[in-house]
Amino acid sequence: MITGNAVDTAELIDTEDLAAAVDAFLGALPPERRWDAEQSLDWARADAGRLTDGQRSAVEFVTVIEDHLPGYFDIYHRSFPVDSSVDPAVFAHHRELYHFTVRWAAEEDTHARALARYQRASGMRERDELRTDLAGYGRQPFLLDYAHPVQFFTYALVQEKATQIYYQQLRADVADPVLSDLLTRLSRDEARHFTFFADVVTRYLRVHGDRVAAPIRDVIADFRMPLADIRGYWRWALRIADVARYDHTDAYDHLVSVVDRAVDHRTEPLDELIRFVESCRTVTTLTEGTHS
Amino acid sequence: MPAVAEITEVVIGIVAGELGVEPASLAPDSDLRAVEGADSIRVLRIIATIEQRYDIELEDADVFGVSTVDEVVTVVRAALDGAR
């Protein structure tokens, strides 16, 4: 399903500014610290028998989320096209972003592959059954109908931080050391991804100031987790929240910090943005049985 | 099928229990999200508990569309009617 359009190129930051963020991201992970789903984990020791039913459900849930990568990647390809539909200057900007996008996608694909392999190696699922199950979810469209480029980076900032927080909290409770090792790797990767998106949003704030307050606000106002449109998603999300706190609004504090650090002086539009983001935080602690 | 009053009493009891408020403080026109202590996750927990209580599965549009106790009762009755 083809949806969404290329972003408003008049609102892009300079190519050099973006390239600095991409350079920082690509330089943040030296080759010796990279990992893969094939060699880096001790799959022979994976044992889902050491997990609770809720933890197994959580692993299935995050596998579905990570496995939706083709949908996420497609969003960038359509919104920041690297082809003749854009003029050479815009192409140059998008080509720089593409350096990030392909590395990010490779890492996210490793996450999906590693989580699926964990399910097989630990005895949770057979490969064919899992593949069929994931195809059912994977075919669902992923939509981000944004016009301003900063909106894509803001959405990803929240999503990456929320995912990182969830992996950390899930890891704190699991008894299988292989899953613990995997969650550590996932969490570290998501933290680097968050740093990139935070860096880019910061640059947009410094370049455009008040003008990006409204587009950022709109992202938060309409925020929905990936696959949230799937029927009954909320029931699964509730069960997941019982295993380890899973609340994307946990990431909003980090967005507020990014805005705070990006500007020397708060203006009224930015003040209003921060008030709004803070008002969207889940204000109460969760109910019994939920870790926080 | 249970009567409206009976379902209303059950729904109010579940809302009160989940949010830690007195049942007497709730009325059929009470907005769930406006009750002190409510947030989106707690409201979903309330709906999940009501589903378990009546062994029904509500449509997502209903789950995210209801605001008041009355509206919850209406969709529960519709689900029970559909299950007959």
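Here, every reference points to the structure presented above.
Everything quoted here is computed from the prediction, not taken from an experiment.

Trainee: Which residues make up the overall build of chain B, and what values do they have?
Mentor: Scanning chain B from terminus to terminus reveals 4 helices and 0 strands. In sequence order, chain B lays out its α and β elements as α-α-α-α. For 84 residues, the compact-globule formula gives about 12 Å, and the C-alpha radius of gyration of chain B, at 12 Å, lands near that figure. Principal axes of the C-alpha set define a box for chain B whose edges measure 35 × 25 × 20 Å. Out of the 84 residues belonging to chain B, those deemed buried represent 49%. Across chain B, every contact between residues at least 6 apart in sequence was considered, and the portion connecting residues at least 24 apart equals 59%.

Trainee: Can you break down the packing of aromatic side chains residue by residue, with the values?
Mentor: Applying the stated criterion to the full structure yields 22 aromatic pairs over all chains. Relative to Phe100 of chain A, the ring of Phe25 of chain A has its centre 4.8 Å away and its plane inclined at 70°; by these criteria the two rings are edge-to-face. Here Phe100 of chain A lies in helix 4 (residues 88–121) and Phe25 of chain A lies in helix 1 (residues 15–27), a separation of 75 residues in the sequence. Accessibility assignment for this pair places Phe25 of chain A and Phe100 of chain A in one class, buried. The lysine or arginine in question, Lys161 of chain A, covers the ring of Phe194 of chain A, its NZ or CZ lying 4.3 Å from the ring centre. Taking the ring centre of Tyr54 of chain B as reference, the NZ or CZ of Arg53 of chain B above it sits at 4.9 Å.

Trainee: Explain the interface of chain A and chain B to me, using residue names and the numbers behind them.
Mentor: Listed as interface residues are 16 residues of chain A and, on the opposing side, 16 residues of chain B. Across the chain A to chain B interface the summed buried area is about 1,400 Å²; carbon plus sulfur atoms make up 49%. Joining chain A to chain B, the criterion identifies 1 salt bridge. In this structure, Arg235 of chain A and Glu51 of chain B form a salt bridge, with 2.4 Å as the shortest nitrogen-oxygen distance. Here the side of chain A that touches chain B is built from residues that sort into 6 nonpolar, 6 polar and 4 charged.

The rules behind these values
- Residues numbered from 1 in each chain as written.
- Chains lettered and ligands numbered in written order.
- Predicted model: local features only at pLDDT ≥ 70, side-chain atom pairs only at ≥ 80, totals over all residues.
- Heavy atoms only, no water.
- Helix = DSSP H or I, 4+ residues; strand = E, 2+ residues; numbered from the N terminus.
- Rg over C-alpha atoms; globule rule 2.2 N^0.38 Å.
- Buried < 20%, exposed > 50% of the residue type's maximum accessible area, 1.4 Å probe, protein only.
- Contact = heavy atoms within 4.5 Å.
- Phe/Tyr/Trp six-rings, centres within 6.5 Å; stacked < 30°, edge-to-face > 60°.
- Lys NZ or Arg CZ within 6 Å of the ring centre and 35° of its normal.
- Buried area = accessible area lost by both parts, 1.4 Å probe.
- Salt bridge = Lys/Arg side-chain N within 4 Å of Asp/Glu carboxyl O.
- Nonpolar A, V, L, I, M, F, W, Y, C, P; charged D, E, K, R; others polar.

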